Amino acid sequence: PIIFILRLLWQTVFLAIGQVWANKVRAVLTALGIIIGVLGVTVVAAGLDGMQGYVLTQFEGIGAKKMWVWGNVPENKRTVMSWTDVKMSTYEANLILDNAESVETLTPGCRSSWNVANGKKIAQGVRVTGIWPTWHEIENRQVLYGRPFSRIDDDEHRQVCLINEQGIEELDLDTDPVGDYILVSGRRFLIVGVVETKEASMFEGGQSRTELFIPFATHKMLNPYTWTDLTLQLYDPDKADDAKAEIRFILRNHRNLGPEDEDTFDMFVVQSAIENFNNVARVIGFIMSGVIGISLLVGGIGIMNIMLVSVSERTREIGLRKAMGAKPPVVLMQFLVEAVVLCVVGGLVGLLIGNVLVAGVQFIPNFPLESIAIPRWAVILSLGFSAVVGIVFGMGPAIKASMLNPIDALRHE
């Protein structure tokens, strides 16, 4: 019986392919809904998968364990409170470091745009950042030549600096400029190290630029009024809510805020942004799946209609086959397989066009997604759904064909 069923299935598949080939134009127009639906599934899945991978890579470049804390004036107090009153301080940084169990380490940061000179070569508006030595660990920025900052550099307000590779090129410095002096806002600074240039992410403008780093205390000595914020590294990014609660408790107590007072600071955790993005991606995926599902449904209705037409056109053939001994299940199998073949062929065509489009997109100049491909689950889902559509919508016409009376069918004109 198993061999008979396999042979019957094999014969009906070839018969179905022959019927599709005999009516090529009609078959293509009938399968158009399936082709468009599968094309939509594959292209959208590839786009969402590529976008999600790209954005998550950008977040990974920033660091999932990273968190920022900065001062913020509540809207209802902006007439009585200045931004200077709420900016973070080194005292608060040490309070958080000593009392927040979720925080592994942190660094305060302040930034200014100053002119930097190497002899007659002047770079205007260079971003100069004041940092603690822990900045290297948090940002994962390695020192290529020389040494990183030490705690003594900050405690003694030393006029030393780190420069990135981009800065070496812009200021015409030696390949290894460690030990050279440059002028930062008119003050003489010793270059003690060269820090690697970090590729700028989409959140930072997408283009690397000259960076100069000096000890935090030295920066505050040169300009005590610069805005200060804190960059923290958490032990466990999945416990970001606990870290925020701890920091909020510490800062509110230190700033003597009452239960009715709003926070005079704000916080942002990279892990929260990652989770929010994943949620948005899932919602977009569900919406697009609904739209594509409607397209496949329309395609299934088209398949059902054409199969009903096919049953009507081949009524005499069905009658002849049944008169020669063909059982109703055999006739049902023939038309059901024909519907499934039509849908699967349409799915394969849609998949082929989707692969061509996805491959062609990567040749677009400055295309942001470096690697984009149709995920395996999308291929399995689209072809599987195509087969299901063929079975569901082909069942009605197939049953109708199998139930025809052979005498009535032979008399059919």
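Structure first, text after, so check above.
Not measured: the values here are computed from a predicted model.

Rules used throughout
- Residues numbered from 1 in each chain as written.
- Predicted model: local features only at pLDDT ≥ 70, side-chain atom pairs only at ≥ 80, totals over all residues.
- Heavy atoms only, no water.
- Helix = DSSP H or I, 4+ residues; strand = E, 2+ residues; numbered from the N terminus.
- Areas by Shrake-Rupley, 256 points an atom, 1.4 Å probe, with all protein chains shown as cover.
- Buried < 20%, exposed > 50% of the residue type's maximum accessible area, 1.4 Å probe, protein only.
- Pairing = 2+ DSSP bridges.
- Salt bridge = Lys/Arg side-chain N within 4 Å of Asp/Glu carboxyl O.
- Polar contact = N/O pair within 3.5 Å; in protein donor to acceptor, adjacent residues only side chain to side chain.
- Contact = heavy atoms within 4.5 Å.
- Lys, Arg positive; Asp, Glu negative; His and termini not counted.
- Axes fitted to C-alpha atoms, helices over the stretch in contact; angles between N-to-C directions.
- Parallel < 35°, antiparallel > 145°, perpendicular 65-115°, else oblique.
- Left-handed = near helix turned anticlockwise from the far one by under 90°.
- Core = buried A, V, L, I, M, F, W, Y, C linked by side-chain atoms within 4.5 Å.

Undergrad: Looking at this structure, how should I read the overall build of the protein?
TA: Along the protein, the regular secondary structure elements total 15 helices and 10 strands. With the model as given, the accessible surface of the protein reaches about 22200 Å², and the carbon-plus-sulfur share is 60%.

Undergrad: What is the right way to look at unusual backbone geometry in this model?
TA: Trans peptide bonds make up most of the peptide bonds, and negative phi angles are found at most residues other than glycine. In this structure, N140 is a non-glycine residue whose phi angle is positive, near 55 degrees. Note on placement: N140 falls in the loop between α6 (135–139) and β4 (143–146). Its relative accessible area of 51% is what places N140 among the exposed residues. With phi around 55 degrees, N256 is a residue other than glycine that occupies positive phi space. Tracing the chain through its elements places N256 in the loop between α10 (240–254) and β10 (265–269).

Undergrad: Looking at this model, I keep getting lost on the pairing of strand β7 (residues 187–195). Mind explaining?
TA: Regular strands place their side chains on alternate faces of the sheet. Strand direction decides the pairing type here: β4 and β7, joined by 3 bridges, are antiparallel. Bridge pairing in β7 places V143 opposite V195. When strand β5 (residues 160–164) meets β7, the two strands line up parallel, connected through 5 bridges. Directly across from V160, in β7, lies its bridge partner L190. Alignment of strand β6 (residues 181–184) against β7, held across 4 bridges, turns out to be antiparallel. Among the inter-strand pairings, L183 is bridged to a residue of β7, identified as R188. In sequence, β6 turns back onto β7 through a hairpin of 2 residues, with S185 there showing a positive phi of about 55 degrees.

Undergrad: I tried to follow the pattern of salt bridges on my own but got confused; where do I start?
TA: Here the idea is simple: oppositely charged side chains can pair when their charged atoms come close. This model, assessed by the stated rule, comprises 12 salt bridges. For R255, the salt bridge identified is with E92, shortest N-O distance 2.7 Å. Here R255 is found in the loop between α10 and β10, whereas its partner E92 is found in helix α5 (residues 90–99), with 163 residues between them in sequence. Across this residue pair, the class does not change: R255 and E92 are buried. The residue R141 makes a salt bridge to E211 at a minimum N-O spacing of 2.9 Å. Of this pair, R141 sits in the loop between α6 and β4 while E211 sits in strand β8 (residues 211–215), placing them 70 residues apart in sequence. Salt bridges linked by common partners bring R147, D153, E156 and R158 together as one network.

Undergrad: Teacher, can you tell me more about the side chain of T228 here?
TA: Mapped onto the secondary structure, T228 falls in strand β9 (residues 228–234). Reaching out from T228, the side chain makes a polar contact with the side chain of K220 at a distance of 2.7 Å. Beyond its immediate chain neighbours, meaning those up to four positions away, T228 contacts K87, M88, P108, G109, C110, F216 and K220.

Undergrad: Can you walk me through the side chain of D154 in this structure?
TA: One can find D154 in helix α7 (residues 151–155). The charged side chain of D154 is buried without a salt bridge, its nearest counter-charge being R151 at 4.9 Å. Engagement of the side chain of D154 in a polar contact is seen with the backbone nitrogen of F216, the distance being 3.0 Å. Those residues in contact with D154, other than ones at most four positions away along the chain, are I131, W132, P215, F216 and A217.

Undergrad: What's the story with the packing of helix α13 (residues 328–361) against helix α14 (residues 376–402) in this structure? I'm lost.
TA: How two helices pack is summed up by the angle between their axes together with the distance between the axes. One can describe the packing of α13 onto α14 by two numbers: an axis separation of 7 Å at closest approach and a directional angle of 150 degrees. As judged from the angle between their axes, α13 and α14 are roughly antiparallel. Like other packed secondary-structure pairs, α13 and α14 cross with a definite hand, here right-handed.

Undergrad: Would you take a moment to explain the pairing of β10 for this structure?
TA: Side chains of β10 alternate between two faces, with F265, M267 and V269 buried and D266 and F268 left unburied. Relative to β10, strand β1 (residues 66–71) runs antiparallel, the two being bridged by 5 bridges. Across the sheet, the residue bridging to W70 is D266, located in β10.

Undergrad: Can you walk me through the nonpolar core in this structure?
TA: One recurring pattern in soluble globular proteins is that nonpolar side chains are buried together. Among the nonpolar cores identified, the biggest contains 27 residues, and I34, I303, M307 and F335 are the most heavily contacted of them. For this core, the secondary-structure elements that each account for two or more residues are α3 (32–62), α11 (270–313), α13 and α14. Examining the composition of this core, we find that 8 residues originate from one element, α13, more than from any other. M67, C110, A243 and I247 belong to the second-largest nonpolar core, a separate cluster that totals 23 residues.

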